[in-house]
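An overview of the molecular structure
Residues per chain are reported as follows:
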Amino acid sequence: MTNQPRIALIHALEESVIPARETFLKEWPEAFCFDLLDTSLAIDLANAGKLDNTMMERFSELADYAARTTGKANKTDAILFTCSAFGPAIDAVKSQLTIPVLRPNESAFEEAIKMGNRIGLMVTFGPSLPALKAELETMAESLGKTINVLPVLVEGALTALKSGDVDTHNRLAAEACFQLNDIDVLVLGQFSLAKAAPLIRERLTIPVLTTPESAVKALRTLLI
C-alpha cells in the first residue's frame, strides 16, 4: 500500500455518501476515497422483498470493478460498503477478493458487543432490520456472548431525509430512541443515520455508535 490508501465506497443510498465522506475527512483525511452509487439496489430489494441471485451478481460486479481500478493513490486497497441491507451479498464479495472488504455495520457491532448485553439497533430502512438483527446476534454468538437486541424502525425519517428535510429526519430519530428502554449502547444501523447522532447523543447518556465512524476507524487500523 502507498502512503495514501485508496478506498472504494459502494453505496445503495445517495444519503450515505455525505456521511461517509464527512467521516473520512474527520477520522482519516489522508485516505483517497472514491464512490460507486447504484440507487436502484435499495429500490429493487424493497420491490423484490428478498436478496436474490441477480442482486448478488450485481454486488459481485460492483466490487470487482472497484477492486480493479487504479489511479490516484495507485491500486484500490480496500472496499467499504455503506448499504446495510445486503450483508450476504457483501460476505460473498469478501470471499472473492483478496483486499479487505467491510460490511457497513460489522465494526460498530463489534464495538457494541464489547459494551454490553442489551443493544439498541436503530434503522430507517425497514428491509434492513431483520438482516441486521440476525447479523448482530450471530456475531455475538461467534464471540461467545449472549445479547438482547432491541430494534426500532424510525418511520418516516428516511422519506424526510430524501426530501431534504434533515431536521425532521433527526428529530424523528431522536424521538424514537426513547422506545428503547434500559439499553447499554445504541447502534445507528445506517450510514445515513449518522446525521442524527449529535441530537441523539444530547438526549441519551449511553454510548451511541454510528456505522461510518466505527468503519473508518477499523479500516484505518487495518491498513496502517
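Cut-offs and rules
- Residues numbered from 1 in each chain as written.
- Predicted model: local features only at pLDDT ≥ 70, side-chain atom pairs only at ≥ 80, totals over all residues.
- Heavy atoms only, no water.
- Salt bridge = Lys/Arg side-chain N within 4 Å of Asp/Glu carboxyl O.
- Helix = DSSP H or I, 4+ residues; strand = E, 2+ residues; numbered from the N terminus.
- Buried < 20%, exposed > 50% of the residue type's maximum accessible area, 1.4 Å probe, protein only.
- Pairing = 2+ DSSP bridges.

Digging into the pattern of salt bridges
- Going through the model one piece at a time under the given rule, you end up with 13 salt bridges.
- Taking the shortest distance from any N to any O, the salt bridge between Glu 15 and Lys 162 comes out at 3.2 Å. One end of the pair, Glu 15, is in the loop between β1 (6-11) and α1 (17-27); the other, Lys 162, is in helix α7 (residues 157-162), and 147 residues separate them in sequence.
- Under the relative-accessibility criterion, Lys 162 is labelled partly exposed at 47%.
- For Arg 21, the salt bridge identified is with Asp 35, shortest N-O distance 2.6 Å. Of this pair, Arg 21 sits in helix α1 while Asp 35 sits in strand β2 (residues 32-37), placing them 14 residues apart in sequence.
- Overall, the relative accessible area of 29% leaves Asp 35 in the partly exposed class.

Here we look at the pairing of strand β5 (residues 78-81)
- The side-chain alternation of β5 yields two buried faces, one formed by Ala 78 and Leu 80 and the other by Ile 79 and Phe 81.
- Here 4 bridges tie β1 to β5, and the two strands are oriented parallel to one another. By the bridge assignment for β5, Ala 8 is matched with Ile 79.
- Sheet topology places β5 next to strand β6 (residues 101-102); 2 bridges connect them, and they run parallel. When the bridges of β6 are listed, Ile 79 appears paired with Val 101.

Comments concerning the sheet that holds β1
- Within the open sheet, the 4 strands sit side by side as β2-β1-β5-β6. Their pairing is parallel. In this open sheet, the two strands that pair with only one neighbour each are β2 and β6.

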